[in-house]
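If you want the building blocks of each chain, they are given just below.
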Amino acid sequence: MDFTLIVVLVIVLALVFDFTNGFHDTANAMATPIATGAMRPKVAVTVAAILNLIGAFLSTAVATTISNGLINEGEGGVAITPELIFAGLIGAIVWNLITWLRGLPSSSSHALFGGLIGAAIIGAGIGAVNFDVVVAKVILPALIAPLIAGLAAFAATKIAYAVTRRDIGKPDGRGGFRYAQIFSSSLVALAHGTNDAQKTMGVITLTLISGGFLAAGSPPPFWVIAACALAIAIGTYSGGWRIIRTMGSGLTEVKPAQGFAAETSTAAAILASSHLGFALSTTQVASGSVIGSGLGRRGSTVRWGMAGKIALGWVLTLPASAIMGAFAAGLALLGPIGILIDVVLGTIVIGGIFLWSRKESISHHNAVNVNDIDDAGQVVSIKKTPRKPSRSERKKVAQ
């Protein structure tokens, strides 16, 4: 197979992954405002798509981590070929779609890293992977960031409900958090663009470096940034309603003040990690924030069974996608016929997942039942003073 052709094929597949990343992670920003009624579903995904597009142009620190750190390349490193990157992307895409089908907010980032690591080990040996970078900028943030975001959301929720304490007969202003959610969820969408879109930029840049089209250590070209921004924006607009259902109502019932606290905590964690170049899982951060906010709202219930399933998905993502990437790499090393087999098998699996998903169609019409904030009084115990009967009522009783 012509070398330039395989590079083009990898770039196209990387943009497909970017698209799946978009609809897989829409819930990170928009599940809670949809659940509380702060934004209509289609409006929410439109806003998220636009802000993902803008956010992708704001930073390239994470892209550099992937293109010039995660996989050794260049002088003194191990050359990873476009064929192996192609195989890694297949593993990432298939795992993304499997978890989407199950409605699990797994990490698209870790699926990508796992696929690349598995393919690199099979094709170039274990020395192809820079495990210091994997530990420092992938695994440790995956363990620490959700915990920090969850604690921040817990504290923010406590504060939000404390400053809007209910008094009998007086408005508490909690409904106003619906308007604040428009800002906070938009900030999460912008932050998501600054982090997740860059991961595909890094993969394409790594492909161009491995193919000799860019020098080692080069930053992503502008056309790569623009293409990845557009792909993740289109994916975001498509919705990913299965995962929105899980994040919006599967973990805990979300109220406006609680949603605002979760979203601000998520945005702060993602923006900080993007600045530091950490290839963070925005999904894990968002899930941690939702759980933390659920624990922080008095009277709410966190569905630990669902949380356990999500956590299991987190644990399995890196090794599962690595195994799939390794399998695809083994075929790719057979030459053009192996790559063709990868394409055929990948197409069959993706088509099968899509057909399976049609058995239970989930869209913006039925993804989340909007939580009514008028019942928020059930969260806090309110003692009502018994009303004294009027004189006329006392006369009727006496008669």
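See the structure shown above.
Let us look at the structure shown here. What you see is a predicted model, and the numbers here were worked out from it, not measured in a lab.

1. What about the overall build of the chain?
Inference 1: Helix and strand counts for the chain come out as 14 helices and zero strands.
Inference 2: Going from the N terminus to the C terminus, the chain shows its helices and strands as α-α-α-α-α-α-α-α-α-α-α-α-α-α.
Inference 3: Taking all 399 residues of the chain together, 54% fall into the buried category.
Inference 4: Intrachain contacts of the chain at a sequence separation of at least 6 include 86% that bridge at least 24 residues.
Inference 5: When the accessible area of the chain is evaluated, it comes to approximately 17,200 Å², of which 67% is carbon and sulfur surface.

2. Regarding the pattern of salt bridges
Inference 1: Throughout the structure, instances matching the rule amount to two salt bridges.
Inference 2: Across the pair Glu-253 and Lys-255 runs a salt bridge, and its minimum N-O distance is 3.5 Å.

3. Considerations on the side chain of Ser-108
Inference 1: Mapped onto the fold, Ser-108 is located in helix 5 (residues 108–124).
Inference 2: According to the relative accessible area criterion, Ser-108 is buried, its value standing at 1%.
Inference 3: Separated by 3.5 Å, the side chains of Ser-108 and Asp-25 make a polar contact.
Inference 4: A polar side-chain atom of Ser-108 sits 3.3 Å from a polar atom in the side chain of Asn-96.

4. As for the packing of aromatic side chains
Inference 1: If you walk through the whole model with that rule in mind, you get four aromatic pairs.
Inference 2: Both rings, one in Phe-23 and one in Trp-100, keep their centres 5.8 Å apart while their planes meet at 75°; by these two values the pair is edge-to-face. With Phe-23 in helix 1 (residues 3–36) and Trp-100 in helix 4 (residues 82–101), this residue pair connects regions lying 77 residues apart in the sequence. Taken as a pair, Phe-23 and Trp-100 share a single burial class, namely buried.
Inference 3: Ring geometry for Phe-57 against Phe-222: centres 5.9 Å apart, planes inclined by 40°, an arrangement best described as tilted. With Phe-57 in the loop between helix 2 (41–55) and helix 3 (61–70) and Phe-222 in helix 8 (residues 222–238), the pair connects residues that are 165 residues apart, well separated along the chain.

5. Comments concerning the side chain of Ser-287
Inference 1: Its place among the elements puts Ser-287 in helix 11 (residues 282–296).
Inference 2: In this view, Ser-287 contacts Pro-105, Met-247, Leu-251, Ile-310 and Trp-314; residues no more than four positions away in its chain are not counted.

6. Description of the nonpolar core
Inference 1: Membership of the largest hydrophobic core comes to 83 residues, with the highest contact counts inside it found for Met-30, Ile-85, Leu-89 and Met-247.
Inference 2: Top element by residues in this core is helix 1. It accounts for 14 residues.
Inference 3: When sequence neighbours within four positions are dropped, the list of residues in contact with Met-30 reads Met-39, Ala-44, Val-47, Ala-48, Ser-185, Ser-186 and Ala-189.
Inference 4: Listed in part, the six residues of the second largest apolar core include Ala-145, Ala-269, Ile-270 and Val-285.

7. Some thoughts on the environment of Pro-256
Inference 1: On the secondary structure map, Pro-256 appears in helix 10 (residues 256–276).
Inference 2: Along the chain, Pro-256 and Ala-160 lie 96 residues apart, while their C-alpha atoms are 10.0 Å from each other.

8. A look at a nonpolar patch on the surface
Inference 1: The grouping of Phe-327, Leu-334, Ile-337, Leu-340, Ile-341, Val-344, Leu-345 and Ile-348 at the surface amounts to a nonpolar patch, some 760 Å² of accessible area in total.
Inference 2: Inspection of the secondary structure assignment puts Phe-327 in helix 12 (residues 304–332).

9. Thoughts on helix 4
Inference 1: Its 20 residues place the ends of helix 4 29 Å apart at the C-alpha level, agreeing with the 28 Å of an ideal helix rising 1.5 Å per residue.
Inference 2: Extensive coverage of helix 4 is indicated by the burial of 18 of its 20 residues.

10. Comments concerning the packing of helix 2 against helix 8
Inference 1: Closest axis-to-axis distance for the helix 2/helix 8 pair is 8 Å, and the angle between their directions is 170°. Taken together, the axis directions place helix 2 and helix 8 in an arrangement best described as roughly antiparallel. Counted together, Lys-42, Val-45, Thr-46, Ala-48, Ala-49, Asn-52 and Leu-53 of helix 2 and Ala-229, Leu-230, Ile-232, Ala-233, Thr-236 and Tyr-237 of helix 8 form the full contact between these two elements.
Inference 2: Here the residues of the contact of helix 2 with helix 8 sort into nine nonpolar, three polar and one charged.

11. What to know about the packing of helix 12 against helix 13 (residues 336–357)
Inference 1: Across the interface, helix 12 lies against helix 13 with an axial gap of 7 Å and an inter-helix angle of 140°. Here helix 13 runs oblique to helix 12, going by the angle between their axes. On helix 13, the residues touching Phe-327, Ala-328, Leu-331 and Ala-332 of helix 12 are Gly-338, Ile-339, Ile-341, Asp-342 and Leu-345.
Inference 2: When the residues that make up the contact of helix 12 with helix 13 are grouped by side-chain class, the tally is seven nonpolar, one polar and one charged.

12. Concerning the environment of Leu-187
Inference 1: If you trace the backbone, Leu-187 turns up in helix 7 (residues 177–210).
Inference 2: For Leu-187, the residues in contact, after removing those within four places along its chain, are Ala-267 and Leu-271.

What counts and how
- Residues numbered from 1 in each chain as written.
- Predicted model: local features only at pLDDT ≥ 70, side-chain atom pairs only at ≥ 80, totals over all residues.
- Heavy atoms only, no water.
- Helix = DSSP H or I, 4+ residues; strand = E, 2+ residues; numbered from the N terminus.
- Buried < 20%, exposed > 50% of the residue type's maximum accessible area, 1.4 Å probe, protein only.
- Contact = heavy atoms within 4.5 Å.
- Areas by Shrake-Rupley, 256 points an atom, 1.4 Å probe, with all protein chains shown as cover.
- Salt bridge = Lys/Arg side-chain N within 4 Å of Asp/Glu carboxyl O.
- Polar contact = N/O pair within 3.5 Å; in protein donor to acceptor, adjacent residues only side chain to side chain.
- Phe/Tyr/Trp six-rings, centres within 6.5 Å; stacked < 30°, edge-to-face > 60°.
- Core = buried A, V, L, I, M, F, W, Y, C linked by side-chain atoms within 4.5 Å.
- Patch = residues over 30% accessible without salt bridge, like charges linked within 9 Å, V, L, I, M, F, W, Y side chains within 5 Å.
- Expected span 1.5 Å × (residues − 1).
- Axes fitted to C-alpha atoms, helices over the stretch in contact; angles between N-to-C directions.
- Parallel < 35°, antiparallel > 145°, perpendicular 65-115°, else oblique.
- Nonpolar A, V, L, I, M, F, W, Y, C, P; charged D, E, K, R; others polar.

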